[in-house]
Amino acid sequence: MSEQTAPNPATEEIQSEEEIFEQKRIRLEKRERLNAAGGLGGGAYPVAVPVTTTIPAVRAQWGHLEETPDSASGETVGIAGRIVFQRNTGKLCFASIQAGDGTRIQAMLSLAEVGEESLAEYKELTDLGDHLFVKGEVISSRRGELSVMVSEWQVAAKAIAPLPNLHTELNEETRVRQRYLDLISREQARTNVLTRARTMASLRETFAKHGFMEVETPMLQTMPGGASARPFVTHSNAFDMELFLRIAPELFLKRAAVGGLERVFEINRNFRNEGADSTHSPEFAMLESYQAYTDYNGIADLTQELVQNAALAANVGSDREGTHTVKWADGTLFDLGGDWARISMYGSLSEAAGVEVTPETSVADLQAIADKEGVEVPLANHGKLVEELWEHFVIDSLTGPTFVMDFPVETSPLTRHHRSIPGVVEKWDLYIRGFELATGYSELIDPVVQRERFVQQAAEGARGDVEAMKVDEDFLRALEHAMPPTGGMGMGMDRLLMALTGLGIRETILFPLVK
RNA sequence: GCCCCUAUAGCUCAGCGGUAGAGCUACGGACUUUUAAUCCGCAGGUCGCAGGUUCGAUCCCUGCUGGGGGCACCA
């Protein structure tokens, strides 16, 4: 240990904590000094600082000063922001301070304005990453940068941990684990959050326009249902019973529909205990909506409107404002406007495979095609084979947003039979950018058929399908009281953001699950 | 669950069978118009963890943990 860090009474205790690395120790000492000087309500973490406006507001009002270097506004403001750059000379200090939205303004501390003692304290006690309050006149510097010529300053919140280097990108793990650093240092991280918030607001607005009510249904369920997926299992101490995190809100929203909530939606989290990759997160935000007295065509119209309005909202403030053309992270422009294509699953598969495939095509014939193409289908039945072959043959050829209509009955146990095509259900999947963004149905409302489907699913479960649904007697009881004819839709919110921004799922989620 | 890659300073990264380097940050100093300020000086690391091979391991091997990518499953 060198002589300059020799122990003294003020720092002895801090230094005894060997695990505190040097930069943090030094900042803790500065914190002590600020607290000693500041008293109650002040110090390193004052209860408030006397801001009169915000950094973005100063930019908006006085930004024109940058056109005339070395000019003064005559206006004094009090602002606060995080110090992101410091450039100190002997008698004049510059700091770039940043607002939460990333807007920056330069603070200038001159010996002539603040005096020798204040300038020296500023240099000794402030660090990159601190929140700083400054009061002073709005001016432009000799180089023309909009600045505040400081007359008074105060630390608004002292950073003990050093700010990461802002000139190189954070690695991906740090971005995700310490999203706050990502938000401080990366414009794209901030706009991702903003776009998500605007998108959510837009969806609610569109629903409100059509008379939908937003509700919240249980996340903890005694029997997980409404989707084919493996649930997370947990335990209730109060009831001493096994509970499941929901895999979908569907069965509760349908109970709500039985009760007369004719236009209803929920935006909330689902949990699925399955693989995680660039398009799947164990917890993900899901939108589900149900509209009485419409069908899968009506709900497709609504879905298109929801997504197109969200695209408009995401484009606010960009050069594409007022259009449905979104810009992805890689620069690709993608047009979500117009009426989207609606193709049939069997028709498009037949065309792409060069073989007529219908709901009557035998499992043996389908398996033969799959074998020839090298498509492996575990626990194969007609429906699974058709869907796998469709993905194999057709999915890559989709360009714009596309509703894929009319699915095989086996794989859609909560959907009603097609009104005119046997063996097919009234279901669509909406594909955008090569992934499934949303799915819609003419909901199955016949309680007798629903019971048969559940029993069939239970048999699949007995065969070893861990995602098969269970017989939900409580839900069946609700259906027996008659649910009106209803169109239903589910949409992955994270995926909607992916479609609007071109980002990976972990970038669309503010704090994705990390081990 | 399987396969491949990866983990070095606060941050971003080099490197190598002979116990470590850069830039930024930090610290000390100079500097009244900087823009990643500049200049001089100086710190900072159990090289993810645990074993093994070796005279000697940050480097080679094994296992574990975290991260990334691919496959399978899924929205």
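As a reminder, the structure under discussion sits directly above these lines.
S.K.: Can you explain unusual backbone geometry? Please cite residues and give values.
M.R.: Within the chain, Asp 70 stands out as a residue other than glycine whose phi angle is a positive 60°. Relative to the assigned elements, Asp 70 resides in the loop between α3 (55–62) and β1 (72–88). We classify Asp 70 as exposed; its relative accessible area is 54%. The phi angle at Ala 482 is positive, at roughly 75°, despite the residue not being glycine.

S.K.: So what's going on with the pairing of strand β3 (residues 104–110)? Residues and values would help.
M.R.: Here β3 lies mainly inside the structure; 6 of its 7 residues are buried. Note: strand β2 (residues 92–98) against β3, 7 bridges, orientation antiparallel. Its bridge partner being in β3, Phe 94 is matched across the sheet by Met 108. Linkage of β2 to β3, two consecutive antiparallel strands, is achieved through a turn of 5 residues, within which Gly 102 is found at a positive phi near 95°. With 3 bridges connecting them, β3 and strand β5 (residues 146–157) associate as parallel partners. Its bridge partner lying in β5, Gln 106 is registered against Ser 147.

S.K.: Describe the sheet that holds strand β7 (residues 220–221), naming the residues involved and giving the relevant values.
M.R.: Judged by pairing direction, the sheet is antiparallel, and its 3 strands sit side by side in the order β7-β9-β8 without closing on themselves. If you trace the sheet from one side to the other, it starts and ends with β7 and β8 (233–236), each paired once. Two elements, β8 and strand β9 (residues 241–245), share 4 bridges in a ladder whose sense is antiparallel. Counterpart to Thr 234 in the pairing with β9 is Leu 243.

S.K.: Requested: an account of the protein's contact with RNA strand B, with residues and values cited.
M.R.: The environment of RNA strand B is formed by 51 residues, the closest being Arg 87, Arg 143, His 280, Arg 495 and Arg 506. A share of 53% of the atoms of RNA strand B within 4 Å of the protein falls on sugar and phosphate groups. Arg 87 places a polar side-chain atom, nitrogen or oxygen, 2.4 Å from a base oxygen of RNA strand B. In the environment of RNA strand B, a base oxygen lies 2.6 Å from a nitrogen or oxygen atom belonging to the side chain of Ser 141.

S.K.: Explain the packing of aromatic side chains to me, using residue names and the numbers behind them.
M.R.: Applying the stated rule across the entire model yields 8 aromatic pairs. Aromatic pair Phe 403 and Trp 428: ring centres 4.8 Å apart, planes at 75°, arrangement edge-to-face. Here Phe 403, found in strand β15 (residues 402–408), pairs with Trp 428, found in strand β16 (residues 424–432); they are 25 residues apart in sequence, far enough to count as distant. Here Phe 403 matches Trp 428 in class, with each residue buried. Between Phe 454 and Phe 475, the ring centres sit 6.2 Å apart and the planes meet at 75°, which makes this aromatic pair edge-to-face. Placement of the pair is Phe 454 in helix α14 (residues 447–463) and Phe 475 in helix α15 (residues 473–480), with a sequence separation of 21 residues.

Conventions and cut-offs
- Residues numbered from 1 in each chain as written.
- Chains lettered and ligands numbered in written order.
- Predicted model: local features only at pLDDT ≥ 70, side-chain atom pairs only at ≥ 80, totals over all residues.
- Heavy atoms only, no water.
- Helix = DSSP H or I, 4+ residues; strand = E, 2+ residues; numbered from the N terminus.
- Buried < 20%, exposed > 50% of the residue type's maximum accessible area, 1.4 Å probe, protein only.
- Pairing = 2+ DSSP bridges.
- Near = heavy atom within 4 Å.
- Polar contact = N/O pair within 3.5 Å; in protein donor to acceptor, adjacent residues only side chain to side chain.
- Phe/Tyr/Trp six-rings, centres within 6.5 Å; stacked < 30°, edge-to-face > 60°.

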